[in-house]
Amino acid sequence: MQNKYKIRLLRANLLAAAVVLALWTPSAPPSAALVLWLSVGWLFITALLLDFSHRYPRGRPWQLLPGALLLGLIAAAPERHGLLIWAWAALFMLPQMSWVAAFNISAALLSSVLVAPQLSTPAWLLMVISLAILCVLALARAQQLIDMNGAIRQRLRLVPGLNLWAGEQLVRDIQREQTRCAREGIYGELIVLHVKRHQLWPTAKKLCELTHDFENVYRLDGTTLATLMLSRSAPEAHERYQSLINALPDNTIANPIELMDVPPNPSTLQTLTQRQASEWRGQP
């Protein structure tokens, strides 16, 4: 199958950048050589570990590291590495949290001050203006990617091949399943599960295996999962619930809610995610 996400090409580019920086180290002063080798190591390790995953931890501010390394390279030897200041425009194309972007903007401004002695005043002003325009365009493009990816995550499965969906999909499915229960006379139940953060994805996969193909699993937040279970009757739903709980980790906290009692509105998702685990019962 063709690699849709071009992981091999990105890995090759990272390795090529690592090689270029490694060839740049022999003539560098000790402080600059240290930062160069740190950068080479980061690029090499990232290339080896790089893989596309729907489980990407969006809350991890990894963009701080390349920003700090880039600032370190320019600060260690601005007369040798001044050209790297244009790499800030590429760094700002990465989607990042606002406080990370603020750090990188401050680092870019400091970098421009460090290279100022190497340029005449007109050349420095032209460089700053050009770099500022490029960085603004890069930040605008990154924000477009953030908005687009957020909309995609609300519509698509989180893991290919599994019935695992974003929490926003649950709000749309509740009303549909309530209509089905009323029309066909079946019993619907919403199971909300609270797990440890490191157990979220294994538990979600196990939950997908324990439910039917027409029953979806939803990720509400980093520690909360939910699933809509449809059964012929309440006793059958109770048996399925017990079997499901017995197959999950012992520290899983579950809260079964009759589907007809769940209001089908956007505030439902916020209500479910804000409930404290101490309020939940492990048994129905």
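Residues numbered from 1 in each chain as written. Predicted model: local features only at pLDDT ≥ 70, side-chain atom pairs only at ≥ 80, totals over all residues. Heavy atoms only, no water.

**Student:** I tried to follow the sheet that holds strand 2 (residues 187–194) on my own but got confused; where do I start?
**Tutor:** Across the sheet, five strands lie side by side as 1-3-4-2-5; this open sheet has mixed pairing. Edge positions in the open sheet fall to strand 1 (164–166) and strand 5 (253–258), since each of these has one partner strand only. Direction aside, the axes of adjacent strands within the sheet are offset by 30 degrees on average. Pairing geometry for strand 1 and strand 3 (residues 217–221), over three bridges, is parallel. By the bridge assignment for strand 3, Trp-165 is matched with Tyr-218. On top of the sheet, helix 8 (residues 167–184) reaches strand 1, strand 2, strand 3 and strand 4 (224–231); it is set at about 15 degrees to strand 4, its chief contact. Running at roughly 10 degrees to strand 4, helix 9 (residues 200–210) makes contact with strand 1, strand 2, strand 3 and strand 4 of the sheet. (Pairing = 2+ DSSP bridges. Helix = DSSP H or I, 4+ residues; strand = E, 2+ residues; numbered from the N terminus. Axes fitted to C-alpha atoms, helices over the stretch in contact; angles between N-to-C directions. Contact = heavy atoms within 4.5 Å.)

**Student:** Can you walk me through the side chain of Thr-223 in this structure?
**Tutor:** Locating Thr-223 in the fold gives a position in the loop between strand 3 and strand 4. Dropping the residues within four chain positions of it, Thr-223 is found in contact with Leu-193, His-194, Val-195, Arg-197 and Leu-200.

**Student:** Before we go on, may I ask you to explain the packing of helix 9 against helix 10 (residues 234–247) in this structure?
**Tutor:** When two helices pack together, their arrangement is given by the angle between the helix axes and by the axis-to-axis distance. Between helix 9 and helix 10, the least distance of the axes is 10 Å, while the angle of their chain directions is 145 degrees. The crossing of helix 9 and helix 10 is right-handed. Facing Lys-206, Leu-207 and Leu-210 of helix 9, the residues of helix 10 in contact are Arg-240, Leu-244 and Ala-247. Taken together, the residues of the contact of helix 9 with helix 10 sort by class into four nonpolar, no polar and two charged. (Left-handed = near helix turned anticlockwise from the far one by under 90°. Nonpolar A, V, L, I, M, F, W, Y, C, P; charged D, E, K, R; others polar.)

**Student:** Hey, could you run me through the side chain of Asn-104 in this one?
**Tutor:** Examined against the element boundaries, Asn-104 turns out to sit in helix 6 (residues 98–115). For Asn-104, a relative accessible area of 0% gives the class buried. Setting aside its immediate chain neighbours within four residues, Asn-104 contacts Gln-63, Gly-67, Trp-88, Leu-91, Phe-92 and Gln-96. (Buried < 20%, exposed > 50% of the residue type's maximum accessible area, 1.4 Å probe, protein only.)

**Student:** Explanation requested: the packing of helix 3 (residues 64–76) against helix 6 in the structure shown.
**Tutor:** At a minimum axis separation of 10 Å, helix 3 and helix 6 run at an interaxial angle of 10 degrees. Taken as axis vectors, helix 3 and helix 6 run roughly parallel relative to one another. Residue-level contacts link Leu-64, Gly-67, Ala-68, Leu-71, Ile-74 and Ala-75 of helix 3 to Trp-99, Val-100, Phe-103, Asn-104, Ala-107, Leu-110, Ser-111, Leu-114 and Val-115 of helix 6. Its residues assigned to classes, the contact of helix 3 with helix 6 shows 12 nonpolar, three polar and no charged. (Parallel < 35°, antiparallel > 145°, perpendicular 65-115°, else oblique.)

**Student:** Honestly, the pattern of salt bridges in this entry has me stumped. Any pointers?
**Tutor:** Side-chain pairs of opposite charge can arise where the charged atoms are in close proximity. Tallied over the full model, the rule gives six salt bridges. Put simply, Arg-183 and Glu-184 hold a salt bridge, and the shortest N to O gap is 3.4 Å. Its relative accessible area of 57% is what places Arg-183 among the exposed residues. Accessibility expressed as a relative area gives 46% for Glu-184, which makes it partly exposed. One continuous salt-bridge network, built from bridges that share partners, spans Asp-173, Arg-176, Glu-177 and Arg-180. (Salt bridge = Lys/Arg side-chain N within 4 Å of Asp/Glu carboxyl O.)

**Student:** Even after reading the chapter, I still don't get the nonpolar core, so can you show me in this structure?
**Tutor:** The tendency in soluble globular proteins is for nonpolar side chains to be buried as a group. Core analysis: the biggest nonpolar cluster contains 28 residues, and Ile-74, Ile-85, Trp-88 and Phe-92 have the highest contact counts within it. For this core, the leading source of residues is helix 2 (residues 30–49), giving seven residues. With near-sequence residues (within four places) excluded, Ile-85 lies in contact with Ile-74, Ser-111, Ser-112, Val-115, Met-127 and Leu-131. Formed by 18 residues, the second largest nonpolar core is a distinct cluster that contains Ile-191, Leu-200, Tyr-241 and Ile-245. (Core = buried A, V, L, I, M, F, W, Y, C linked by side-chain atoms within 4.5 Å.)

**Student:** Honestly, helix 10 in this entry has me stumped. Any pointers?
**Tutor:** Look at helix 10: 20 Å from first C-alpha to last across 14 residues, which is about the 20 Å you get at 1.5 Å a residue. Among the residues of helix 10, those classed as buried are Ala-237, Arg-240, Tyr-241, Leu-244 and Ile-245. Along the long axis of helix 10, the arc covered by the buried residues comes to 135 degrees, so they all point the same way. Counted as exposed and oriented over 90 degrees from the buried face of helix 10: Pro-235, Glu-239 and Asn-246. Taken together, the buried residues of helix 10 touch strand 2, helix 9, strand 4 and strand 5. (Expected span 1.5 Å × (residues − 1). Arc of directions from axis to C-beta.)

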